[in-house]
Number of protein chains: 2
Amino acid sequence: MLNSYSSADKVLLAVDCIIFGFDNEGLKILLIKRDFEPEKGKWSLMGGFLKRDEVLDDAAIRILNTYTGLNDIYMEQLYAYSEIDRDPVERTISVSYYALINIENHNAELIKNYHAQWFSVADAPNLIFDHNEMVQHAIRRLRYRTSIKPIGFELLPEKFTMRQLLELYEAILSKELDKRNFISKINSLEILNKLDEKDMQSSRKGSYLYTFNKEKYEEKLLNDFVLNL
Amino acid sequence: MLNSYSSADKVLLAVDCIIFGFDNEGLKILLIKRDFEPEKGKWSLMGGFLKRDEVLDDAAIRILNTYTGLNDIYMEQLYAYSEIDRDPVERTISVSYYALINIENHNAELIKNYHAQWFSVADAPNLIFDHNEMVQHAIRRLRYRTSIKPIGFELLPEKFTMRQLLELYEAILSKELDKRNFISKINSLEILNKLDEKDMQSSRKGSYLYTFNKEKYEEKLLNDFVLNL
DNA sequence: AATTATTAATGTAGATTTTACACTTAAAGT
DNA sequence: ACTTTAAGTGTAAAATCTACATTAATAATT
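A brief look at the structure comes next. (Residues numbered from 1 in each chain as written. Chains lettered and ligands numbered in written order. Predicted model: local features only at pLDDT ≥ 70, side-chain atom pairs only at ≥ 80, totals over all residues. Heavy atoms only, no water.)

On to the relation of the copies chain B and chain A. The relation between the two chain copies is a rotation about an axis coupled with a shift along that axis. Between chain B and chain A, which share one sequence, the superposing operator has a rotation angle of 180 degrees and an axial displacement of 0.0 Å; the RMSD is 0.1 Å. The transformation relating the two chain copies, once decomposed into turn and shift, fits a two-fold axis. Interface residue correspondence from chain B to chain A reaches 100%, placing this contact among same-surface, isologous pairings. (Least-squares fit on C-alpha atoms with pLDDT ≥ 70 in both. Contact = heavy atoms within 4.5 Å.)

In structure tokens form, the structure reads like this:
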């Protein structure tokens, strides 16, 4: 019988999380040093096994929480990896998820509780299993996402300057953008509130701070647009 | 211990295949009438369980072959579905795949061997489990794909008219396209060979037949473009 | 043989969008 | 008051996109 449930093989199903962060040094990913075998001591994505009574989205949230203490992070499913020997211990299929978080808001907790560490995407260490591939895949997805949905709310501090937003986009797309063109394209999305307040850290003149207009931002999350940067 | 392999739950991992076809009536999907419980007799995607020694891509190919006799169909992974009760018999996570095939080349075999049937995407029957959702998801993906990669090679006969190609795009995007603008945009991709031969079925005047330029087509498959139709 | 009917094939002007590019301004520091 | 630094701002040319109508080729009909 082709489709008998009882004769079908069962497998371990893992979830691995790619967490992107951003600070003024650029785009970062969060990695942990494995504290168990195999590959103990090597750098790795945060991963764990799906539980019997759990959906994948929840597993991703739980696993992220386990390793970082982070709560309520919206993660997006990326891809299922199934090479036979991708995990040397036992046949394991892994579904990857990615999320964007703000480094500064969470740094303290991270460092305190776990051997987790932020790395620049550009010079991250070699990772276990197929995790390097997952990261590359996630970056591609993030780039694509940037062209159809707003980005930044999750990655930037609540108040941010236009330069910070520009540099975020430059980091994700890994190319230079024209400042004036960028500003007018971003403004045309109408997702920003310009505050009266200025940030005086970065220059003598100071630069205006912005916040995201949450309603407009979320509307744009639902209704994709096309943004050619 | 957080990550012990031995204590982790194992699950059934299924693969479901969304097969798109195209003929002069529009975009179609291929469905089977389940010949086993649960939901025996209802319409369903072609699905099966991943084997222990098999990667997902191969499982998709095997399952498609099992239900249609089709070989060597390139399928693309779509998404992993994991709602707890999505399959009423047993906890099953399903990874969906989609593919594009040419209806005419394969019809005979299909009908002969299985209770498989083509349905217009527009008026397909209600499907079991979460298969409706999978189909909707696949259509969205197909639309997106159409805007960044060439399409048609897998769906159209070897020789086809510009009108057939136009109607394929219209079916996928479910909107009318301006014929002249379409032609010039497609031509700018430089993936077509115009033959000296004409198809005389469709009109008195006859319309030129085209083939895809395989090299150019495959190059464009690798290097995405932007196609605004 | 001439006429009719049908779909194929083709080009352009105006609107919109994108791109490239440089000077002035505000404020702090000296 | 002078210097320094990054912020802020507009436009003209180029490229792309859109809307749109006539002629051409052939088979079928008379």
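This part takes up the pairing of strand β1 (residues 10-23) of chain B. In terms of burial, β1 of chain B is a largely internal element, 13 of the 14 residues being buried. Where strand β1 (residues 10-23) of chain A meets β1 of chain B, three bridges bridge the pair, whose relative direction is antiparallel. Among the inter-strand pairings, V11 of chain A is bridged to a residue of β1 of chain B, identified as V11 of chain B. Across eleven bridges, β1 of chain B lies against strand β6 (residues 92-102) of chain B in parallel orientation. Note on β6 of chain B: the bridge partner recorded for C17 of chain B is Y97 of chain B. Judged from the four bridges that link them, β1 of chain B and strand β4 (residues 46-49) of chain B form a sheet pairing that is antiparallel. (Buried < 20%, exposed > 50% of the residue type's maximum accessible area, 1.4 Å probe, protein only. Helix = DSSP H or I, 4+ residues; strand = E, 2+ residues; numbered from the N terminus. Pairing = 2+ DSSP bridges.)

Right, let's talk about the packing of aromatic side chains for a bit. Residue and element names in this part refer to chain A. Here the structure, examined in full by the defined rule, presents 19 aromatic pairs over all chains. Between Y79 and Y81, the aromatic rings sit 5.3 Å apart at their centres with planes inclined by 65 degrees, giving edge-to-face as the arrangement. Relative accessible area serves as the criterion here: at 4%, Y81 is assigned to the buried category. The rings of F153, F160, F212 and Y217 are connected pair by pair, giving a single aromatic cluster. (Phe/Tyr/Trp six-rings, centres within 6.5 Å; stacked < 30°, edge-to-face > 60°.)

Near DNA strand C you find 19 residues, and of these K185 and K205 of chain A together with R163, K205 and Y208 of chain B are the closest. A breakdown of the atoms of DNA strand C within 4 Å of the protein gives sugar and phosphate a share of 43%. Between N181 of chain A and DNA strand C, the recorded distance is 3.1 Å, taken from a side-chain N or O atom to a base nitrogen. Between a base oxygen of DNA strand C and a side-chain N or O atom of K205 of chain A, the distance comes to 3.0 Å. Listing elements by their share of the surface near DNA strand C, those giving two or more residues are α5 (179-189) of chain A together with α5 (179-189) and β10 (207-212) of chain B. The leading source of residues in the surface near DNA strand C is α5 of chain A, at three residues. (Near = heavy atom within 4 Å. Polar contact = N/O pair within 3.5 Å; in protein donor to acceptor, adjacent residues only side chain to side chain.)

Function cannot be inferred from these measures alone, as they are strictly geometric.
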